[in-house]
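Read off the chains here:
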Amino acid sequence: MASAAWADSRLLFAEAQLVGGHSFDGRPIRWYSMDQMDVMQKPSVGFDLVQRLSTETGDWGMFAIQARLAYDSTRNGNIELQLYNAFLKVKPAFGDVWVGHNKPAFGLAMSLDNHGTLLQPLSMQGYGFDRDWGAGYYRDFESGNVAFSATLGSGMPVYLGKNYLFSGRISKGDLNQQNYNVGMSAAYGMTLETMGYHLVVDEPIQHCMAGADLTHYSGPWEDRVDFVWDRMQANLDHVSRYVLFHRLTLNIMPENRLKLDFQHMWVKRKTVLAADFSLGLSYQFMPDLTARLAFTQMLEQATNATKAAAQIYWYYKI
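About the criteria used
Residues numbered from 1 in each chain as written. Predicted model: local features only at pLDDT ≥ 70, side-chain atom pairs only at ≥ 80, totals over all residues. Heavy atoms only, no water. Helix = DSSP H or I, 4+ residues; strand = E, 2+ residues; numbered from the N terminus. Rg over C-alpha atoms; globule rule 2.2 N^0.38 Å. Contact = heavy atoms within 4.5 Å. Areas by Shrake-Rupley, 256 points an atom, 1.4 Å probe, with all protein chains shown as cover. Lys, Arg positive; Asp, Glu negative; His and termini not counted. Charge placed at Lys NZ, Arg CZ, Asp CG, Glu CD. Pairing = 2+ DSSP bridges. Buried < 20%, exposed > 50% of the residue type's maximum accessible area, 1.4 Å probe, protein only. Polar contact = N/O pair within 3.5 Å; in protein donor to acceptor, adjacent residues only side chain to side chain. Core = buried A, V, L, I, M, F, W, Y, C linked by side-chain atoms within 4.5 Å. Patch = residues over 30% accessible without salt bridge, like charges linked within 9 Å, V, L, I, M, F, W, Y side chains within 5 Å. Salt bridge = Lys/Arg side-chain N within 4 Å of Asp/Glu carboxyl O. Phe/Tyr/Trp six-rings, centres within 6.5 Å; stacked < 30°, edge-to-face > 60°. pLDDT = per-residue confidence, 0-100.

A short note on the overall build of the protein
Okay, so step 1: Secondary structure assignment for the protein yields one helix and 16 strands.
Okay, so step 2: Expected size for 318 residues packed as a compact globule is a radius of gyration near 20 Å; at 19 Å, the protein falls within 12% of this value.
Okay, so step 3: Dimensions along the principal axes, computed over C-alpha positions, put the protein at roughly 65 × 50 × 45 Å.
Okay, so step 4: Sequence separation of 24 or more characterises 52% of the internal contacts of the protein that already satisfy a separation of 6 or more.
Okay, so step 5: Approximately 16100 Å² of the protein is accessible, and the part contributed by carbon and sulfur atoms is 62%.
Okay, so step 6: Computing the positive centroid from 27 side-chain charges and the negative centroid from 31, the protein places the two 1 Å apart.

Structure (structure tokens):
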């Protein structure tokens, strides 16, 4: 979205979606894709604005804001305001600097557009944050890029206290020209455990994280891999987690209108090994209308749960 804005002084999109989910355990249909407290796919309406900032001598920055009003039965009035992008980016000679609510510089999710999709990367699975409040730096080179961010470590809400998160990522490869990008990431901070706008644990937890990710295109195939090591410390307890994420996408039909996704995630924590397997189907009826289905099988020791989600997503340029 941000790169496309330079062709026009302003890009404004309206969006709306209908989402329903089902767990194969006898519970009724749910009106969300992941969890009721998560900010991701729910029945909602919203907008996406990218405004170019320029003078007679050229562009000097941009402003982006992306928000939704979503149905949430746990809220008063059953409505939740979800604010995703809300940042100002300026373009000095040494790179791009942003301040506000944006993606932290860590892992595969940093450059992955997952705003409207059912299948989500590790940042929406509890390993880092999909968005966070703070500031960051980004610069492209001939083959690769570098990024750093200093954020609150609270995710969607703003909490000021002892919480903070420093992140960085360096990568090699250009997806548009070389069909691959491989990155190395690191992060350290005292972060709050939040789910959406809900504070789960009010005491910050120390995280030391390292990761490696790979994106590769080959014909109709898109291959994405993300590995994260996370060492947590709460009180005197130290726990290390090892997470491997892989998504394989097959693009079918002209303009990639039909997509098939196979995604799996493996988590090792102490002696516990858990895994999620997902299948996704996406079909674009028109440039502004897409339907998606996703099936997920979760395996953890004696737990064996299956769930499904369906979505109609409308994204229209005004």
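Concerning unusual backbone geometry
Glycine aside, residues mostly have negative phi, and peptide bonds are mostly found in the trans state.
Okay, so step 1: Phi is positive for M253, close to 75°, though the residue is something other than glycine.
Okay, so step 2: With respect to the helices and strands, the residue M253 is situated in the loop between β12 (237-252) and β13 (258-269).
Okay, so step 3: Phi at K270 is positive, roughly 55°, even though this residue is not glycine.
Okay, so step 4: Mapping K270 onto the fold places it in the loop between β13 and β14 (272-286).

Side note on the pairing of strand β6 (residues 132-141)
Okay, so step 1: Both strand β5 (residues 96-102) and β6 contribute to a ladder of seven bridges, which runs antiparallel. Across the sheet, residue G100 finds its bridge partner in β6, namely G134.
Okay, so step 2: Bridge count between β6 and strand β7 (residues 144-151): eight bridges; the pairing is antiparallel. Across the sheet, residue A135 finds its bridge partner in β7, namely A150.
Okay, so step 3: Between the end of β6 and the start of β7, which pair antiparallel, lie two residues.

Section: the side chain of T249
Okay, so step 1: You can see T249 is positioned in strand β12.
Okay, so step 2: On the accessibility criterion, T249 (2% relative accessible area) is buried.
Okay, so step 3: Among the polar contacts made by the side chain of T249, one reaches the side chain of D261 at a distance of 2.4 Å.
Okay, so step 4: Here T249 is in contact with P220, W221, E222, R224, K259, L260 and D261, once residues within four sequence places are set aside.

Focus: the nonpolar core
Okay, so step 1: The biggest cluster of nonpolar side chains holds 13 residues, and the ones touching the most others in it are L122 and V243.
Okay, so step 2: Counting only elements with at least two residues in this core, the list comes to β12 and β13.
Okay, so step 3: When near neighbours in sequence (up to four residues on either side) are disregarded, L122 contacts Y127, D226, V228, V243, F245 and M265.
Okay, so step 4: F13, V50, W98 and Y313 belong to the second largest nonpolar core, which has nine residues in total.

A closer look at a nonpolar patch on the surface
Okay, so step 1: Judged by side-chain polarity, L18, I29, W31, Y71, F285, M286 and I312 come together as a nonpolar surface patch covering roughly 700 Å² of accessible area.
Okay, so step 2: Classification of Y71 by relative accessible area gives partly exposed; the value is 31%.

What to know about the packing of aromatic side chains
Okay, so step 1: If you walk through the whole model with that rule in mind, you get seven aromatic pairs.
Okay, so step 2: Here the aromatic rings of W266 and F277 are separated by 5.4 Å at their centres, their planes lie at 90°, and the arrangement is edge-to-face. A residue pair is termed long-range when its members are at least 10 positions apart, and W266 in strand β13 and F277 in strand β14 qualify at eleven residues.
Okay, so step 3: With relative accessibility at 33%, the residue W266 sits in the partly exposed group.
Okay, so step 4: Ring geometry for Y283 against F285: centres 4.9 Å apart, planes inclined by 85°, an arrangement best described as edge-to-face.
Okay, so step 5: Taking the relative accessible area as the measure of exposure, Y283 reaches 24% and is therefore partly exposed.

Notes on the pairing of strand β8 (residues 164-172)
Okay, so step 1: Looking at chain direction, β7 and β8 are connected through seven bridges and run antiparallel. Bridge pairing in β8 links V146 to I170.
Okay, so step 2: Bridge count between β8 and strand β9 (residues 180-195): nine bridges; the pairing is antiparallel. Within β9, the residue paired with R169 across the bridge is S185.

Some remarks on the pattern of salt bridges
Okay, so step 1: Scanning the model with the defined rule gives 13 salt bridges in all.
Okay, so step 2: A salt bridge links R68 to E15; the nearest nitrogen and oxygen atoms lie 2.6 Å apart. Of this pair, R68 sits in strand β3 (residues 58-71) while E15 sits in strand β1 (residues 10-23), and the two are 53 residues apart along the sequence.
Okay, so step 3: According to the relative accessible area criterion, E15 is buried, its value standing at 5%.
Okay, so step 4: R52 serves as the salt-bridge partner of D59, at 3.5 Å between the closest nitrogen and oxygen.
Okay, so step 5: Among the ionic contacts, a cluster of salt bridges with common partners joins K42, D72, R75 and E80.

What to know about the confidence of the model for the protein
Okay, so step 1: On average, residues of the protein carry a pLDDT of 93, and 97% of them reach 70 or more.
Okay, so step 2: Counted against residues more than four places away or in other chains, residues 1-7, with its pLDDT under 50, gives 15 contacts.

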